[in-house]
Amino acid sequence: MTLAFSTKAGTLALLQEPLRSARIAPLVSFTVAAWQADPAGCLARIRPVIGNGPWIVRSSCQREDGAGESNAGAFLSLTDVAAEGLENAIEQVIAAYGEADENDEVLIQPMLQSVLRSGVAFSHDPNTCTPYRVVSWSEGRDTSVVTGGKGGRTWQQAACSPIAPPVELACVVALIDELLVLFGGVPVDCEFAVTCEGQAEVLWLLQARPLVLTGPLEDETSQSVRLQRIHDKVARGMQPHPFLMGRRTVYGVMPDWNPAEIIGVRPKPLALSLYRELVTDAIWAYQRHNYGYRNLRSFPLMPHFFGLPYIDVRLSFNSFIPADLDDGLAGRLVDHYIDRLLSEPTLHDKVEFEVVFSCYTLDLPQRLERLAEAGFSKDEREAIADSLRRLTNRIVHPKDGLWREDAAKLSTLNARREELLASSADPLERIYWLLEDAKRYGTLPFAGLARAGFVAVQMLKSLVAVGVFSDADYDAFMGGVSTVSGQLARDRATLDKATFLSRYGHLRPGTYDILSPRYDEAPELYFDWSQRPPAPETVKPFSLTLPQMREVVKLLESHGLQPDPVGLFDFLQAGIELRESAKFHFTRNLSDVLALVAECGAQWGFSREDLAYCDIAAFKELHVAAADPKEALSRSIEQGMARYRDTLAVVLPPLIARPEDVWVFEWPETTPNFITQKQVTAPVTGCEERERLAGAIVCIPNADPGFDWLFAYPIAGLITVWGGANSHMAIRAGELGLPAVIGAGEVLYRRWSTSQRLHLDCAGRRVEVLA
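Residues numbered from 1 in each chain as written. Predicted model: local features only at pLDDT ≥ 70, side-chain atom pairs only at ≥ 80, totals over all residues. Heavy atoms only, no water.

## Quick notes on the sheet that holds strand S8 (residues 188-197)
- Read across the open sheet, the six strands follow the order S9-S8-S5-S6-S7-S15; overall the sheet is antiparallel. Edge strands, defined here as strands with exactly one partner in the open sheet, are strand S9 (200-210) and strand S15 (664-667). In this sheet, adjacent strand axes meet at a mean angle of 20° when their direction is disregarded.
- Alignment of S8 against S9, held across 10 bridges, turns out to be antiparallel. Opposite Glu 197, over in S9, you have Ala 200 as the bridge partner. (Pairing = 2+ DSSP bridges. Helix = DSSP H or I, 4+ residues; strand = E, 2+ residues; numbered from the N terminus. Axes fitted to C-alpha atoms, helices over the stretch in contact; angles between N-to-C directions.)

And the structure:
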């Protein structure tokens, strides 16, 4: 017989007989009406059933644990209640109901002893409504650590996974499966604890309720078919490739061109297709080859699994190998990089700083010692250093540096855009040429300048490592860099609305997202035009001391690097500034493309919401073909919508190290990037509530430059889910001297963004939840 959920107390009582996979502690419950009529009688029932304490006095209100609303954690439960405090504890629980109904209950159970771990388990992923078993737990008996988002670990497994759960969680998965059977397949949410009795572990069910989901359920068979296809594709990708170094690969959302930061982990089809078109299908490899790395042209960098984009890390690591390095040594180096990432997966957003050697720096000989432990000989390490020195000298050369040619292309991009927009070209032709120019004169030079910017930051960090700079010097140099973002804040304080928007109106928080309004499409959304913010402090140029200058001269000569100190520091500043400038200019082309796509779509009856599901290839095809535009777009949109339904149903880890990870994985806590050496204590807010921004620590999903409007407000700190140590927001926060945590990862971000008040200690690399 199928059971039906009741109140907290009612459901536990109902399960005491049939439940086989876990124990339920003895319980006593009574209604508010019974307590108010005869408190002594209610108290007298307790000890004969559940002993002499200590007890837990729990809420069992009719307004919690319902099919439409759980109200989880809304009411009071009191632990470790002794006999003398029992009556008062019951009164407190009832008082917490507010206007209590006479049929609301109070539940009393003995406190469990020798608790090893406790947590919460779901039969379905509440975000996707798909049949993933999700178990969150922490060591000890306090389930509020998990339910309150204060910590703990989270493990996730597809319902039909061929992979067995870990031993310590197998009993919890069996409990979920049994509850699903007992309640006729109704999705379930339960709290549990595991105690130690002698040498054995005992599982206890603390609570079971219906899991409130916001959408239709997916069946287990559909999920299994989809995940098997992803598993098979990942397994194929893990094999050796005839044109690549390295025995195997890894897939990640943050290495290299980090799609999680730029387009998100579940981009809609238009955004995904634009990012592939402009960067990851071809441009990325052309730039690397142009700068002296291995030729990986024709290799798409970013595969996707039913719309979830990942970087092929073996391919990325191949592309950071200098072209003149011996093949045998190059192959061993790629394998070492992958092994290191697998041994320390929290480095997945720091691979260029912590895993690969992609340029020569002043501390490179010391850092290469790590390779000695991996079996690389002294001659091999010297060969790697020599190769990287030659490559780096070509990039940073004071007169002929590769970055100078890339910087010059930005003027061509702007001139061609103005000429195109002033012409009589139709919207489809404009879309086509804006994209072509964005690649040739925009993202290609941007990729080169981003590489120069990375080399600059690496070189700066090496000055700290070898003792020429202090951490304060590093921060002072970054604070003296003048970027487009810094100019935006200064212009916001001085320019009128029309002039400001003519300069910055193309920016949008989601650079590739047609649903993200441009600044000039929704200016009131981003700025308070009723008042001008105070002008930011003038950028203080950094200057070397004479002893530092002498030491830099010696280091450059001893390491065989070409520029003199003036040339080096010109490059360091230009590399960081031009990277941001290039991004600003190519995104104008991209933003205009999105505006034209919306204009064309509206002409044929499609909304922006519809067009977000279209592939950009449909518009390119309409430019070259005599086709029915409405039919072509409708077909692309329908296909995109169908595919995106699959996208929303898939949950994958941020780093896929083996095919089995497609079915089952534990969510990792990443190691965030702390920017500046400062501390701040402030309330927490999202970017949606403009009136709360001043003086707050602001939480945003990624480090997209379209969020620069935030810096027109006096925010106290910044936290992002995704973003690397060299990301736009990291550079921007360093420039402003703003305490920031960039790339917190989903687990930590969820914990911190849902808190009310935080303390950021960037020097100590810690975040403390205060409320």
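That shown, we press on.
## Focus: the environment of Val 265
- Following the sequence through the fold, Val 265 ends up in the loop between helix H9 (259-262) and helix H10 (269-280).
- A C-alpha to C-alpha distance of 30 Å links Val 265 and Glu 139, two positions 126 residues apart in sequence.
- Apart from residues no more than four positions distant in its own chain, Val 265 is found in contact with Ala 260, Gly 307, Leu 308, Pro 309 and Trp 722. (Contact = heavy atoms within 4.5 Å.)

## Side note on the pattern of salt bridges
- This structure, assessed with the given rule, holds 39 salt bridges.
- Of the charged contacts in the structure, one is a salt bridge between Arg 332 and Glu 380, with a shortest N-O distance of 2.5 Å. Placement of the pair is Arg 332 in helix H13 (residues 327-343) and Glu 380 in helix H17 (residues 378-396), with a sequence separation of 48 residues.
- Its relative accessible area of 22% is what places Glu 380 among the partly exposed residues.
- Two residues, Glu 768 and Arg 766, come together in a salt bridge whose shortest N-O distance is 3.3 Å.
- Shared partners join several salt bridges into a network, and the residues in it are Glu 277, Glu 436, Lys 439 and Lys 620. (Salt bridge = Lys/Arg side-chain N within 4 Å of Asp/Glu carboxyl O. Buried < 20%, exposed > 50% of the residue type's maximum accessible area, 1.4 Å probe, protein only.)

## A word on the pairing of strand S6 (residues 132-139)
- Of all eight residues in S6, seven are buried; the element is thus mostly enclosed.
- Alignment of strand S5 (residues 115-122) against S6, held across six bridges, turns out to be antiparallel. Note that in S6 the partner of Phe 122 across the bridge is Val 134.
- With six bridges connecting them, S6 and strand S7 (residues 153-158) associate as antiparallel partners. Across the sheet, residue Arg 133 finds its bridge partner in S7, namely Gln 157.

## Digging into the nonpolar core
- Phe 317, Tyr 512, Leu 572 and Phe 619 are the most contacted members of the largest nonpolar core, which totals 119 residues.
- Sort the elements by how many residues they give to this core and helix H19 (residues 427-465) lands first, with 18 residues.
- Setting aside its immediate chain neighbours within four residues, Phe 619 contacts Leu 428, Ile 431, Val 597, Cys 600, Leu 611, Cys 614 and Leu 633.
- In terms of nonpolar packing, the next biggest core, distinct from the first, is built from 72 residues, Cys 190, Leu 205, Ala 260 and Ala 716 among them. (Core = buried A, V, L, I, M, F, W, Y, C linked by side-chain atoms within 4.5 Å.)

## What about the side chain of Gln 287?
- Position of Gln 287 among the secondary structure elements: in helix H11 (residues 283-290).
- The class for Gln 287 is buried, based on a relative accessible area of 2%.

## Focus: the pairing of strand S19 (residues 717-720)
- Covered by surrounding structure in S19 are Gly 717 and Ile 719 together with Leu 718 and Thr 720, the residues of both alternating faces.
- Examined bridge by bridge, strand S18 (residues 697-700) and S19 share four bridges and lie parallel to one another. Residue pairing across strands places Cys 699 opposite Ile 719, the latter belonging to S19.

## A short note on the packing of aromatic side chains
- Applying the stated criterion to the full structure yields 29 aromatic pairs.
- Pairing Phe 500 with Tyr 504 gives two aromatic rings, centres 5.0 Å apart and planes at 40°, and the pair type is tilted. Residue Phe 500 and its partner Tyr 504 are both found in helix H22 (residues 497-504); the two are separated by four residues, about one turn of the helix. The pair Phe 500 / Tyr 504 is uniform in exposure class, with both members buried.
- Ring centres 5.0 Å apart and planes at 80° place the aromatic pair Phe 665 and Trp 667 in the edge-to-face group.
- Its relative accessible area of 6% is what places Phe 665 among the buried residues.
- Of the residues examined, Trp 667 reaches a relative accessible area of 13% and is grouped as buried.
- Here a set of aromatic residues connected by ring pairs shows up, and it is made of Phe 500, Tyr 504, Tyr 519, Tyr 526, Phe 527, Trp 529, Phe 584, Trp 709 and Tyr 713.
- Sitting above the plane of the Tyr 286 ring, Arg 297 keeps its charged end 4.0 Å from the centroid.
- A cation over an aromatic ring shows up here: Arg 332 above the ring of Phe 376, its NZ or CZ 4.4 Å from the ring centre. (Phe/Tyr/Trp six-rings, centres within 6.5 Å; stacked < 30°, edge-to-face > 60°. Lys NZ or Arg CZ within 6 Å of the ring centre and 35° of its normal.)

## Section: the sheet that holds strand S13 (residues 311-312)
- Ordered in space as S13-S10-S14, the three strands form an open sheet in which the pairing is antiparallel. Across the chains shown, the open sheet's two edge strands, defined by having one partner strand only, are S13 and strand S14 (655-656).
- Where strand S10 (residues 251-252) and S13 come together, two bridges link them in antiparallel fashion. Along S13, the bridge assignment pairs Tyr 251 with Asp 312.

## A word on H22
- Residues of H22 that are buried include every one of Phe 500, Leu 501 and Tyr 504, and no others. Down the axis of H22, the buried side of the element spans an arc of 95°, and every buried residue falls inside it. Facing away from the buried surface of H22 by more than 90 degrees, the exposed residues are Ala 498 and Ser 502.
- The inward-facing, buried residues of H22 abut helix H21 (484-494), helix H23 (523-526) and helix H25 (565-603). (Arc of directions from axis to C-beta.)

## Examining the environment of Cys 61
- Inspection of the secondary structure assignment puts Cys 61 in the loop between strand S2 (55-60) and strand S3 (78-81).
- Overall, Cys 61 belongs to the buried group, its relative accessible area being 0%.
- For Cys 61 and Asn 103, which are 42 residues apart along the polypeptide, the C-alpha to C-alpha distance reads 8.2 Å.
- Every residue in contact with Cys 61, bar those within four places of it in the chain, is listed here: Phe 75, Tyr 97, Asp 104 and Glu 105.

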